[in-house]
Amino acid sequence: MTYLAKGRRRDLLELAQTLGITIQDNFKILDIKDAILNCEGYDAEFTCECLNRIISDRKELELRPEREKENQRQFELQKLQITTNTSTTSDSNMPKLELQNLLPIFDPKTTDITIYLNLFERQLTFLKVPIQQWVVYLVGLLPTEVSNLITKESFADAQDYYKVKQILLIRFKLSAEKFRQMFSRHTKDPVKTWRDFYFDLQTYFDGWLKESKVTTLEELKDLIVADQITQDYKDHFLDQWCN
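None of these values were measured; they are calculated from a predicted model. Within each chain, residue numbers correspond to sequence positions counted from 1 in written order. Owing to the predicted nature of the model, reporting of local features is limited to residues with pLDDT of at least 70; listing and counting of side-chain atom pairs is limited to 80 or more, with chain, interface and lining totals taken over all residues. No hydrogens and no water enter the side-chain calculation; it runs on all heavy atoms of the structure.

Caption draft 1: Structural context of the overall build of the protein. Numbered from the N terminus, helices here are DSSP runs of H or I no shorter than four residues, and strands are runs of E no shorter than two. When you go through the protein residue by residue, the secondary structure sums to 12 helices and 0 strands. In the protein, the succession of α and β elements from N to C terminus is α-α-α-α-α-α-α-α-α-α-α-α. Think of it in three bands: with a 1.4 Å probe and only protein chains considered, a residue is buried below 20% of the maximum accessible area for its type, exposed above 50%, and partly exposed in between. Looking at the protein as a whole, 32% of its 243 residues are labelled buried. Here a residue-residue contact requires only that any non-hydrogen atoms of the pair lie within 4.5 Å. Taking all contacts inside the protein whose residues are at least 6 apart in sequence as the whole, residues at least 24 apart take part in 62%.

Caption draft 2: Quick look at the pattern of salt bridges. One speaks of a salt bridge when a side-chain nitrogen belonging to Lys or Arg is within 4 Å of a carboxyl oxygen belonging to Asp or Glu. Applying the stated criterion across every chain, the model contains 6 salt bridges. Where Arg 58 meets Asp 11, a salt bridge forms, and the shortest distance between an N and an O atom there is 2.9 Å. Pair noted here: Arg 58 is in helix H3 (residues 44–80) and Asp 11 is in helix H1 (residues 9–18), with a separation of 47 residues, a long-range link. For the pair Arg 58 and Asp 11, one class covers both residues: buried. Glu 121 is the partner of Lys 165 in a salt bridge, and the nearest nitrogen-oxygen pair spans 2.9 Å. Of the two residues, Lys 165 is situated in helix H9 (residues 161–171) and Glu 121 in helix H5 (residues 113–126); the sequence distance between them amounts to 44 residues. There is no split in this pair, since Lys 165 and Glu 121 are both buried.

Caption draft 3: How the structure looks around the packing of helix H6 (residues 134–141) against H9. Angles shown run from 0 to 180 degrees and are taken between the N-to-C directions of axes, each axis being a line fitted to C-alpha atoms and, for helices, limited to the stretch in contact. Following both chains from N to C, one finds H6 and H9 inclined at 35°, their axes separated by 9 Å at the closest point. Pair H6 / H9 crosses with left-handed handedness. Contacts between H6 and H9 involve Trp 134, Val 135 and Leu 138 from the former and Tyr 161, Val 164 and Leu 168 from the latter. Gly counts as polar in this scheme, as do all residues outside two lists: the nonpolar Ala, Val, Leu, Ile, Met, Phe, Trp, Tyr, Cys and Pro, and the charged Asp, Glu, Lys and Arg. Per-class residue counts for the contact of H6 with H9 are 6 nonpolar, no polar and no charged. Put simply, a crossing is left-handed when the front helix is turned counterclockwise from the back one by less than a right angle, and right-handed when it is turned clockwise.

Caption draft 4: Looking closely at the confidence of the model for the protein. With 79% of its residues at a pLDDT of 70 or more, the protein shows a mean pLDDT of 75. When pLDDT is averaged over each helix and strand of the protein, the minimum, 41, is found for helix H4 (residues 86–91) and the maximum, 86, for H9. Think of pLDDT as the predictor's per-residue confidence, scored from 0 to 100. Note that residues 82–97 has pLDDT below 50 and, in this model, 16 contacts with residues that lie over four places away or in other chains.

Caption draft 5: Highlighting unusual backbone geometry. Not every positive phi belongs to a glycine, and Lys 213 is a case in point at roughly 60°. Its place among the elements puts Lys 213 in the loop between helix H11 (194–211) and helix H12 (217–242). Classification of Lys 213 by relative accessible area gives exposed; the value is 65%.

Caption draft 6: The side chain of Asp 11, seen in detail. Assessed through its relative accessible area of 1%, Asp 11 is described here as buried. For Asp 11, the residues in contact, after removing those within four places along its chain, are Leu 51, Ile 54, Ile 55 and Arg 58.

Caption draft 7: Structural context of the packing of aromatic side chains. Here is the rule: rings of Phe, Tyr and Trp (six-membered ring for Trp) pair when centre to centre is within 6.5 Å. Planes less than 30 degrees apart are stacked, more than 60 are edge-to-face, and the remainder are tilted. One pass over the full model with this rule turns up 5 aromatic pairs. On the basis of an interplanar angle of 85° and a centroid distance of 6.4 Å, the ring pair of Phe 120 and Trp 134 is categorised as edge-to-face. In this pair, Phe 120 sits in helix H5 while Trp 134 sits in helix H6, placing the two residues 14 residues apart along the sequence. Judged by relative accessible area, which is 0%, Phe 120 ranks as buried. Judged by its relative accessible area of 7%, Trp 134 is buried. Ring plane angle 80° and centroid distance 5.7 Å describe the contact between Trp 194 and Phe 197, whose orientation is recorded as edge-to-face.

Caption draft 8: A look at the environment of Val 139. Locating Val 139 in the fold gives a position in helix H6. Once the C-alpha coordinates of Val 139 and Ile 150 are considered, the two residues, 11 residues apart in sequence, prove to be 8.4 Å apart.

Caption draft 9: Inspection of helix H7 (residues 144–151) at higher detail. Within H7 the residues assigned to the buried category are Val 146, Ser 147, Ile 150 and Thr 151. Projection of H7 onto a plane perpendicular to its axis shows the buried side chains occupying an angular sector of 150°, all on one side. This arc describes the spread of directions from the helix axis toward the C-beta atoms.

Caption draft 10: Here's a closer look at H6. Most of H6 sits inside the fold, with 6 of its 8 residues counted as buried. Taken as a whole, H6 has its buried residues at Trp 134, Val 135, Val 136, Leu 138, Val 139 and Leu 141.

Caption draft 11: Structural view of the packing of H5 against H6. Running from amino to carboxyl end, H5 crosses H6 at an angle of 130°, the nearest separation of the two axes being 11 Å. On the basis of their axis angle, the class for H5 and H6 is oblique. Regarding H5 and H6, the two cross each other, and that crossing is right-handed. Taking contact as the criterion, the partners of Tyr 116, Leu 117, Phe 120, Glu 121, Leu 124 and Thr 125 in H5 are, on H6, Trp 134, Tyr 137, Leu 138 and Leu 141. Here the residues of the contact of H5 with H6 sort into 8 nonpolar, 1 polar and 1 charged. Any angle that is under 35 degrees is reported as roughly parallel, and any over 145 degrees as roughly antiparallel; angles of 65 to 115 degrees are reported as roughly perpendicular and all others as oblique.

Next comes the structure, spelled out in structure tokens:
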């Protein structure tokens, strides 16, 4: 019967056991099906119902670990979203923050994590949010695939903003070359202020120096001169190629 094709070997073995059919160890799937179909008192409708129940129970067991994992993830997120210091908030009479209006949701494909976290810290410092609560607000701004990185850590580490920051910087860290490109190509956004433009440039430049391991004035000179030589070298051969 075609309904037997839905079951795996383990399902058919369990079905045979339910029906009281003896199956030899060397029986293949076709042998098991023949034994079920040819058993005494075979009832197709009853046998089909038994197999459906067996398959349903197996699938439930297979999905249970994944469901438990998801439930645990949701539980950890809920723990992070609980405000741990309500007294500080009430004493300062600070209104409920809607950071979604102050900062966009972080997009790892288009947003630099260093600049994003700097803006995030600047906003929360300005609003006088206790640092113990920073992770709570940050998780609310991160997409699910990014917040999952936080929930994989221990509960203590997931509450420590600076440890969370290191996790994100390591995961979404930009190279020195990327920072150099962002610094040299950055233009002012018409909707932003000149102060924001200066802050962006400063962040890109600082990132370029840090990733290039520049710590002295001489190293800075060497970096800028080497970069200029590289650009002139590229322009020279590009002109030759065009001609």
